[in-house]
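Listed here are the chains, written in short residue letters.
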Amino acid sequence: MAEANWYVVHTYSGYENKVKADIEKTIENRHLEDEILEVRIPMEEVIEMKNGSKKQVQKKLFPGYVLINMFMNDDTWYVVRNTRGVTGFVGPGSKPVPLTEAEMRPLGIREENVVYDFRIGDTVSVISGVWKDTIGMIQSMNDNKQTVTINVELFGRETPVEISFAEIQKMN
């Protein structure tokens, strides 16, 4: 089987989050979890001055672009290309060109797999990212995407959240 690669998709500016959500919903509905592995919007931490106070915020690294890790075939190409808000893949004509290893490195995308010692039912602590310092129990694991799903309490309700293996550690 061919190898999954990262592709860049051009979107209408300001539609990146909507495109990401729509593609993830389509993956779920069409059961393409093994073909489209991850959809990502590259973000960076910046400090903004508002009303005289400093505030750390997330800004899009490349407004108007979304990164997708997928196996390129007619199905996946069609799903992504026909998502509302997508104007096309980055590449000459209609032929998508995958990112090289060198192009992915500055984006913080690493190809090595994380070795882990946890399984479904284990309690883990989130050590980085948006959910840092959150504790949850592993509900499911996805080895292809190197992620776990844990339940976190949000607005007084248990909510499933997908987190990278690299962002968690097992609780003793």
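Note: the structure precedes this text.
A quick note: this is a predicted structure, and the numbers were derived from the prediction, not measured.

### Remarks on the sheet that holds strand 8 (residues 135-142)
Move 1: Pairing within the open sheet is antiparallel, and its 5 strands lie in the order 10-9-8-7-11. In the strand order of this sheet, the two ends are held by strand 10 (157-164) and strand 11 (168-170), each with one partner. Averaged over all pairs of adjacent strands, the angle between strand axes in this sheet comes to 45 degrees, irrespective of strand direction.
Move 2: Here strand 8 runs beside strand 9 (residues 147-154); their pairing, made up of 4 bridges, is antiparallel. Each bridged residue has a counterpart across the sheet, and for Met 141 the counterpart in strand 9 is Val 148.

### A look at the pattern of salt bridges
Move 1: Tallied over the entire structure, the rule returns 7 salt bridges.
Move 2: A salt bridge links Lys 60 to Glu 16; the nearest nitrogen and oxygen atoms lie 3.7 Å apart. Taken as a pair, Lys 60 in strand 4 (residues 53-60) and Glu 16 in helix 1 (residues 16-30) lie far apart in primary sequence, 44 residues in all.
Move 3: For Lys 60, a relative accessible area of 29% corresponds to the partly exposed category.
Move 4: Asp 122 is the partner of Lys 170 in a salt bridge, and the nearest nitrogen-oxygen pair spans 3.6 Å. Here the residue Lys 170 occupies a position in strand 11, and Asp 122 occupies one in the loop between helix 3 (101-104) and strand 7 (123-126), the gap between them amounting to 48 residues.
Move 5: What makes Lys 170 partly exposed here is its relative accessible area of 34%.
Move 6: Among the ionic contacts, a cluster of salt bridges with common partners joins Glu 48, Lys 50 and Lys 59.

### Describing helix 2 (residues 74-81)
Move 1: Listed in full, the buried residues belonging to helix 2 are Thr 76, Val 79 and Val 80. Viewed along the axis of helix 2, the buried residues span an arc of 90 degrees, placing them on a single side of the element.
Move 2: Where helix 2 is buried, its residues meet strand 1 (5-11), helix 1, strand 2 (36-40), strand 5 (65-70) and strand 6 (86-89).
Move 3: For helix 2, the N-terminal cap is Asn 73; the gap from its side-chain oxygen to the backbone nitrogen of Asp 75 is 3.0 Å.

Thresholds applied
- Residues numbered from 1 in each chain as written.
- Predicted model: local features only at pLDDT ≥ 70, side-chain atom pairs only at ≥ 80, totals over all residues.
- Heavy atoms only, no water.
- Pairing = 2+ DSSP bridges.
- Helix = DSSP H or I, 4+ residues; strand = E, 2+ residues; numbered from the N terminus.
- Axes fitted to C-alpha atoms, helices over the stretch in contact; angles between N-to-C directions.
- Salt bridge = Lys/Arg side-chain N within 4 Å of Asp/Glu carboxyl O.
- Buried < 20%, exposed > 50% of the residue type's maximum accessible area, 1.4 Å probe, protein only.
- Arc of directions from axis to C-beta.
- Contact = heavy atoms within 4.5 Å.
- Polar contact = N/O pair within 3.5 Å; in protein donor to acceptor, adjacent residues only side chain to side chain.

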